[in-house]
Amino acid sequence: MSKALWADVDSYFAAALMPADPILDAALAASAAAGLPAINVAPNQGKLLHLMARMCGARRILEIGTLGAYSTLWLARALPADGQLVTLEADPAHAKVARANIAMAGLDGVVRLHEGKALDTLPTLRGPFDFVFIDADKPSNPDYFAWALKLTRPGSVIIVDNVVRDGKVLDPEAEAKVQGVRRLAEMLATEPRVSATALQTVGGKGWDGFILAVVN
Ligand code: SAM
């Protein structure tokens, strides 16, 4: 199986289940035009986040790692009119594009973007959040997960993206971003406050996966 075939299957289902969306497409185009890296979630992954947030009736969502706000828009659209999404972004250039995309989507009343290092912002936030999406600098994953536990309640859902990385997660000598995942897995092995699983994914973004945890 090749990456090209995985991408074709993504496109096949995207055509059927995720028709062209002028706002989401414009957000991606604006991100690309501003030179942001294309490390946003894929459309089917964005829709998965959206559906999961709806499935758990999320009213308050925390996102760590905004980039150009592509996943932010998917998640914010899952909220009720009085819902709130707090998103954290360290890079001012990314935050600028994200703010413009959030406004363009008409979601600036729902989304609050905090510019700055997430580990500086997290202690200033008040929980509980119903749904947390962790997708920033990977070496900090264990710290972000620890904060997610402080800022959630029983029943909250926590997702951590990019935990497989072409299978590099198996390598104890791998780079720091992989070590962040491995330390998180070790932490979860003895963490009684959550029940978690990990799923591998393939598609246009290659071979990767995510951790899904529910707070007990
Ligand atoms: N969630 C986004 C999406 O799918 O559209 C993609 C996020 S991208 C993978 C990771 C983002 O985290 C980048 O924009 C990066 O600047 C940001 N980031 C990196 N280190 C950070 C930190 N310490 N605090 C907050 N954001 C950080």
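What you see is a predicted model, and the numbers here were worked out from it, not measured in a lab. (Residues numbered from 1 in each chain as written. Predicted model: local features only at pLDDT ≥ 70, side-chain atom pairs only at ≥ 80, totals over all residues. Heavy atoms only, no water.)

## Description of the pattern of salt bridges
Let me state the cut-off plainly: We define a salt bridge as a side-chain nitrogen of Lys or Arg found within 4 Å of a carboxyl oxygen belonging to Asp or Glu. Strands here mean DSSP runs of E at least two residues long; helices mean DSSP runs of H or I at least four residues long; both are numbered from the N terminus. Only protein chains enter the area calculation, which uses a 1.4 Å probe; residues under 20% of their type maximum are buried, those over 50% are exposed, and those in between are partly exposed.
Scanning the entire structure with this criterion turns up 6 salt bridges. Two residues, arginine 59 and aspartate 82, come together in a salt bridge whose shortest N-O distance is 2.7 Å. With a gap of 23 residues between them, arginine 59 in the loop between helix H3 (43-55) and strand S1 (60-64) and aspartate 82 in the loop between helix H4 (70-76) and strand S2 (84-89) connect regions that are remote in the sequence. Residue arginine 59 is classed as partly exposed on the basis of its relative accessible area, which comes to 42%.

## Concerning the packing of helix H7 (residues 141-150) against helix H8 (residues 176-189)
To keep things clear, this is the line we draw: Angles run from 0 to 180 degrees between N-to-C directions of axes, and those axes are lines fitted to C-alpha atoms, restricted for helices to the stretch in contact. Oblique is the label for any angle not covered by the other classes, which are roughly parallel (under 35 degrees), roughly antiparallel (over 145) and roughly perpendicular (65 to 115). For this analysis, residues touch if any pair of their heavy atoms sits within 4.5 Å.
Viewed as axis vectors pointing N to C, H7 and H8 meet at an angle of 40 degrees, and their least axial separation amounts to 8 Å. Taken as axis vectors, H7 and H8 run oblique relative to one another. Seen from H7, the contacting residues are Asn141, Pro142, Phe145 and Ala146; seen from H8, they are Gly180, Val181, Arg183, Leu184, Met187 and Leu188.

## Concerning the side chain of asparagine 162
Stated formally: A 3.5 Å cut-off defines polar contacts: any pair of N or O atoms within that distance qualifies, except that in protein one atom must be a possible hydrogen donor and the other a possible acceptor, and neighbouring residues in sequence count only when both atoms are side-chain atoms.
Mapping asparagine 162 onto the fold places it in the loop between strand S5 (152-161) and H8. Classification of asparagine 162 as buried rests on a relative accessible area of 17%. Separated by 2.9 Å, the side chains of asparagine 162 and lysine 138 make a polar contact. The contact partners of asparagine 162, leaving out residues within four places of it in the chain, are Asp135, Lys138, Val181, Asp208 and Gly209.

## With respect to the site of the ligand
Selection criterion: A single heavy atom is enough: if one lies within 4 Å of a molecule or strand, its residue is considered near that molecule or strand. Here, Shrake-Rupley sampling with a 1.4 Å probe gives the accessible areas, and only protein chains in the shown set may cover a residue. Classes in brief: Ala, Val, Leu, Ile, Met, Phe, Trp, Tyr, Cys and Pro nonpolar; Asp, Glu, Lys and Arg charged; the others, Gly included, polar.
What surrounds the ligand is a group of 22 residues, the closest being Val41, Ser71, Glu89, His94 and Asp135. Separating an oxygen atom of the ligand from a side-chain N or O atom of histidine 94 is a distance of 2.8 Å. Relative to its unbound accessible surface of 610 Å², the ligand loses 89% to contact with the protein. Only H4 and S2 provide two or more residues apiece to the shell around the ligand. Split into classes, the residues belonging to the shell around the ligand amount to 10 nonpolar, 6 polar and 6 charged.

## Quick notes on a nonpolar patch on the surface
Counted only if it meets this: Residues enter patches when their relative accessible area tops 30% and they take part in no salt bridge; the joining distance is 9 Å for like charges and 5 Å for the nonpolar side chains Val, Leu, Ile, Met, Phe, Trp and Tyr.
Judged by side-chain polarity, Leu5, Val9, Tyr12, Phe13 and Leu17 come together as a nonpolar surface patch covering roughly 500 Å² of accessible area. Mapped onto the elements of the fold, leucine 17 is located in helix H1 (residues 3-17).

So yeah, pure geometry; function would need other evidence.
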